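Chains, contacts and geometry: an overview
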Amino acid sequence: TFATLKEVLDTAKAGKYGVGAFNINNMEIAKAIGNAAKEEKSPVILAVSPSAIKYAGIEYIYEIARVTAVKSKVPTVLHLDHGTEFKDCVQCIRHGWSSVMYDGSKLPFQENIAMTKKIVEFAHAAGVSVEAELGKLAGVEGHVSVSEKDAIFTNPEEAKIFVEQTGVDALAVAIGTSHGAFKFKGEANLDFERLQKIEKLVGIPIVLHGASGVPKEVLEKAAKYGAKLPGAAGVPNDAIQKAISLGVAKINIDTDIRLTMTAAIRQVLTEHPEEFDPRKIFGPAEEAMKEVAKGKMRLFGSSGKA
Ligand code: G3H
Ligand code: 13P
Ligand code: NA
Ligand code: ZN
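Residues numbered from 1 in each chain as written. Chains lettered and ligands numbered in written order. Predicted model: local features only at pLDDT ≥ 70, side-chain atom pairs only at ≥ 80, totals over all residues. Heavy atoms only, no water.

1. A few points about the site of ligand 1
Note the following rule: A molecule or strand has a residue near it when one of that residue's heavy atoms lies within 4 Å. For this analysis, a polar contact is any N or O atom pair within 3.5 Å, provided that within protein one partner can donate a hydrogen and the other can accept it, and provided that sequence-adjacent residues contribute only side-chain to side-chain pairs. In these tables, accessible area is a Shrake-Rupley quantity obtained with a 1.4 Å probe, and a residue counts as shielded only by the protein chains included in the view. Points on a 1 Å grid over protein atoms alone make up a cavity when a 1.4 Å probe fits among them but cannot get out, and a pocket when they form an open set with protein on both sides within 12 Å along at least five of seven lines; lining residues each have an atom within 4 Å of a point. Occupancy of a cavity or pocket is assigned to a molecule whenever over half of its atoms lie within 2 Å of that pocket's grid points.
Close contacts around ligand 1 come from Asn23, Ser49, Ser51, Asp81, His82, His179, Asp254 and Arg258, and that covers them all. Side-chain polar atom of His82 to an oxygen atom of ligand 1: 3.4 Å apart, as the coordinates give it. Burial of ligand 1 by the protein amounts to 69% of the accessible area it has alone, namely 310 Å². With respect to the pocket detection grid, ligand 1 is positioned in the largest pocket.

2. Here we look at the coordination of the zinc ion (ligand 4)
This is how the line gets drawn: With water omitted from the atoms examined, metal sites may look incomplete; donors here are N, O and S atoms no farther than 2.8 Å from the metal, or 3.2 Å in the case of Na, K and Ca. Think of it this way: any DSSP run of H or I at least four residues long counts as a helix, any run of E at least two long counts as a strand, and we number them from the N terminus. The cut-offs for exposure are 20% and 50% of the maximum accessible area for each residue type, with area from a 1.4 Å probe on protein chains only; residues under the lower value are buried, those over the upper are exposed, and the others partly exposed.
Taken together, the protein donors to the zinc ion (ligand 4) comprise His82 (NE2), His179 (NE2) and His209 (ND1), at separations of 2.0 to 2.1 Å. Positions of the donor residues of the zinc ion (ligand 4), expressed as sequence spacing, correspond to H-x96-H-x29-H. Metal-to-metal, the separation of the zinc ion (ligand 4) and the sodium ion (ligand 3) is 5.5 Å. Of this pair, His179 sits in the loop between β6 (170-173) and α9 (192-202) while His209 sits in the loop between β7 (206-208) and α10 (216-224); the two residues are 30 residues apart in sequence, bridging distant segments of the chain. Since its relative accessible area comes to 1%, His209 is described here as buried.

3. Some details on the side chain of His209
Test applied: Pairs of residues are marked as contacts when any of their non-hydrogen atoms sit within 4.5 Å.
A distance of 3.0 Å separates polar atoms of two side chains, one belonging to His209 and the other to His82. Once residues lying within four places of it in the same chain are set aside, the contact partners of His209 are Asp81, His82, Met101, Glu131, Glu133, Leu137, Ala172, Thr177, His179 and Asn252.

4. Looking at the sheet that holds strand β1 (residues 19-23)
Put simply, the rule is: Strand pairing is assigned whenever DSSP identifies at least 2 bridges connecting the two strands. Orientation is described by lines fitted to C-alpha atoms, with helices fitted over the stretch in contact, and by angles between N-to-C directions that extend from 0 to 180 degrees.
The strand order around the closed barrel built from eight strands is β1-β2-β3-β4-β5-β6-β7-β8, with neighbouring strands paired in parallel fashion. On average, each strand axis in the sheet is tilted by 25 degrees relative to the strand beside it, whichever way the strands run. Relative to strand β2 (residues 44-48), β1 runs parallel, the two sharing three bridges. Looking at β2, one finds that Asn23 is bridged to Ala47. Strands β2 and β3 (76-83) of the sheet are contacted by helix α4 (residues 58-72), whose axis makes an angle of about 150 degrees with β3. This element, helix α6 (residues 109-125), spans β4 (99-102) and β5 (129-134) of the sheet and lies at about 170 degrees to β5.

5. Some words on the nonpolar core
For clarity, the cut-off: The criterion is simple. A nonpolar core is a set of buried Ala, Val, Leu, Ile, Met, Phe, Trp, Tyr and Cys residues joined through side-chain atoms within 4.5 Å.
In terms of nonpolar packing, the biggest core is built from 77 residues, with Ile24, Ile33, Trp97, Val100, Leu171, Leu195 and Ile240 touching the most fellow members. Tallying contributions element by element places helix α13 (residues 278-300) first for this core, with seven residues. Ignoring any residue separated from it by four or fewer positions in sequence, one finds Ile33 in contact with Phe22, Ile24, Val44, Leu46, Ile257, Ala293 and Met297. Of all hydrophobic cores here, the second largest spans 15 residues; its members include Leu5, Tyr17, Val77 and Met101.

6. Thoughts on the side chain of Asp103
Rules: Residues scored as charged are limited to Lys and Arg (positive) and Asp and Glu (negative), so that His and the chain ends carry no count. One speaks of a salt bridge when a side-chain nitrogen belonging to Lys or Arg is within 4 Å of a carboxyl oxygen belonging to Asp or Glu.
Secondary-structure assignment places Asp103 in the loop between β4 and α6. Although Asp103 is buried, it forms no salt bridge, and the closest oppositely charged side chain is Lys106 at an N-O distance of 5.2 Å. At 2.8 Å, the side chain of Asp103 forms a polar contact with the side chain of His82. Excluding residues that lie within four positions of it along the chain, Asp103 makes contacts with His82, Gly83, Thr84 and Glu133.

7. Details of the site of ligand 2
Here is the rule we go by: All amino acids are sorted into three groups, where Ala, Val, Leu, Ile, Met, Phe, Trp, Tyr, Cys and Pro are nonpolar, Asp, Glu, Lys and Arg are charged, and the leftover types, Gly among them, are polar.
Lining the immediate surroundings of ligand 2 are 14 residues, of which Asp81, Lys183, Ser212, Asp254 and Thr255 lie closest. His82 places a polar side-chain atom, nitrogen or oxygen, 3.1 Å from an oxygen atom of ligand 2. Between Asp254 and ligand 2, the recorded distance is 2.7 Å, taken from a backbone N or O atom to an oxygen atom. Protein contacts shield 96% of the accessible area of ligand 2, which totals 310 Å² for the unbound molecule. Judged by the proximity of its atoms to the pocket grid, ligand 2 belongs to the largest pocket. Breaking the shell around ligand 2 down by element, the ones donating at least two residues are β3 and β8 (248-253). Of the residues in the shell around ligand 2, the class split is two nonpolar, nine polar and three charged.

Below, the structure written as structure tokens:
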């Protein structure tokens, strides 16, 4: 049913486009992403975090993803996002995931290598792909000095050793992005020079976490209907396209879908205070998320590639 991350990303890297990894937490989000992929004829990655598994239950989220893949008729990866424990990865591999991310980025370098290697052996024996992470995706405030960058961003020489010793299929790097809706104070600032060096040394598809754009339109709509998110800022579209041109093949999006969903729900509840049919509340949100996901697929260049 599911494509592996390796086959989808190797093809994307060769074709110089990126594939979106969209976090799913419930049926409406999964349907929105699956229908977007179907309409755009785009490969897609359904990302499920350990807290999404806890929220939905592993049987529900697996079945939602499975039906989404069957109905979309495009190469669909079911991926564990940010597994920080060996047991998270094992559980997903046993349940039919086709890809896992082991996130040992908080561990010392050698321990990250040792744990990642263990997971690669277990996963590859089951035909499952592995993404790992090197460097810290910390929120970066204002101007970052060279020494600060070296302390938190991915070191290119370490990345080379890490990939050689672990055999991972994709590598998540830290080049200035961070998770959530508050990525930058002032101008967005990504370390493309570092990305270029890493790509030359590792050769495998690179993953950009924290890649949401946090677009003004969505923020304005959310604010109009009562959201309070002062200072929210994301990665501009041209920075995403530049990252793809420099070897990024997987682009992780959660925040933009969250913002879109809640803004749409706020709008219905505000404009129709008499409404209490959940389908009239979640339906427009699903439609809005689908349109945002389709826009991402066009931006990443994955439209028409399925
Ligand atoms: O990087 C984290 C993703 O946005 C998933 O977040 O752990 O709240 O599901 P979550
Ligand atoms: P955003 O918070 O920018 O959407 O990033 C999501 C992510 O990296 C999930 O792993
Ligand atoms: Na991931
Ligand atoms: Zn992430």
